[in-house]
Amino acid sequence: MDSVFDALSHPIRREILEMLKGGSRSAGELADAFPVSKPTMSGHFAKLKAAGLIHGEQRGASVIYSLNLSVLEEVLLGFMRRVGRPAKNGE
């Protein structure tokens, strides 16, 4: 869970996740949305992948990223349990 909260601690990484809510996107398309270098964006992608929040799939010369909602959902449910809030649907 710590790696997920670490990944979510940076505003660019949160914005990447927000962008991916609309569907998969290429690394280049995501990187073009931010005023930082490509190596910096690669670091953000790596942090999100290490936390299990996104998947990267090589398609030709591009990497296509998509959300891994199951991990995010699992972490949020675990967090809610830790703070004593009941999960929805009796989970």
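Bear in mind that the values here come from a model prediction, so they are computed numbers and not experimental data.

About the criteria used
Residues numbered from 1 in each chain as written. Predicted model: local features only at pLDDT ≥ 70, side-chain atom pairs only at ≥ 80, totals over all residues. Heavy atoms only, no water. Helix = DSSP H or I, 4+ residues; strand = E, 2+ residues; numbered from the N terminus. Buried < 20%, exposed > 50% of the residue type's maximum accessible area, 1.4 Å probe, protein only. Areas by Shrake-Rupley, 256 points an atom, 1.4 Å probe, with all protein chains shown as cover. Lys, Arg positive; Asp, Glu negative; His and termini not counted. Charge placed at Lys NZ, Arg CZ, Asp CG, Glu CD. Expected span 1.5 Å × (residues − 1). Arc of directions from axis to C-beta. Contact = heavy atoms within 4.5 Å. Core = buried A, V, L, I, M, F, W, Y, C linked by side-chain atoms within 4.5 Å. Pairing = 2+ DSSP bridges.

A. Inspection of the overall build of the protein at higher detail. Across its full length, the protein holds five helices and three strands. Each helix and strand of the protein, ordered N terminal to C terminal, gives the series α-α-β-α-α-β-β-α. Overall size of the protein, expressed as C-alpha extent along the three principal axes, is 45 × 20 × 20 Å. Taken across its 91 residues, the protein has 31% of its residues classed as buried. Element-wise, carbon and sulfur atoms account for 52% of the exposed surface of the protein, whose accessible area totals about 5,800 Å². A distance of 3 Å separates the average location of the 12 positive side-chain charges in the protein from that of its 10 negative side-chain charges.

B. Structural context of helix α5 (residues 69–82). When the terminal C-alpha atoms of α5 are compared, their 20 Å separation across 14 residues agrees well with the 20 Å that a helix rising 1.5 Å per residue should span. All of the buried residues in α5 are Val 75, Leu 77 and Gly 78. All buried residues of α5 lie within an arc of 165 degrees about the axis, which places them on one face of the element. What points out from α5, more than 90 degrees from its buried face, is the exposed set Leu 69 and Glu 73. On the buried face of α5, the contacting elements are α1 (2–8). Looking one or two residues past α5, Gly 84 carries a phi angle of roughly 80 degrees, positive in sign.

C. Looking closely at the nonpolar core. Grouped together as the largest cluster of nonpolar side chains are 19 residues, with contacts concentrated most on Ile 16, Leu 30, Met 41, Phe 45, Leu 48, Leu 53 and Tyr 65. Listing elements by their share of this core, those giving two or more residues are α1, α2 (11–20), α3 (27–32) and α4 (38–50). The biggest single contributor to this core is α2, with five residues. With sequence-adjacent residues up to four places away left out, Ile 16 is seen in contact with Leu 30, Phe 34, Met 41, His 44, Phe 45 and Leu 48.

D. Summary view of the pairing of strand β2 (residues 54–59). Bridge count between β2 and strand β3 (residues 62–67): six bridges; the pairing is antiparallel. Looking across to β3, one finds that Gly 56 is bridged to Tyr 65. Linking β2 back to β3 in an antiparallel pair, the connection comprises two residues, with Gly 60 at a positive phi of about 65 degrees.

E. Broad picture of α4. Between the first and last C-alpha of α4 there are 18 Å, a value that for 13 residues agrees with the 18 Å anticipated at 1.5 Å per step. Residues of α4 that are buried include every one of Met 41, His 44, Phe 45 and Leu 48, and no others. Summarising the axial view, the buried residues of α4 lie within an arc of 100 degrees, below the 170-degree limit, and thus occupy one face. Of the exposed residues in α4, those oriented more than 90 degrees away from the buried face are Pro 39 and Ala 50.

F. Representation of the pairing of β3 in the model. Pairing between strand β1 (residues 25–26) and β3: two bridges, direction antiparallel. Residue pairing in the sheet places Ser 26 in a bridge with Ile 64 of β3.

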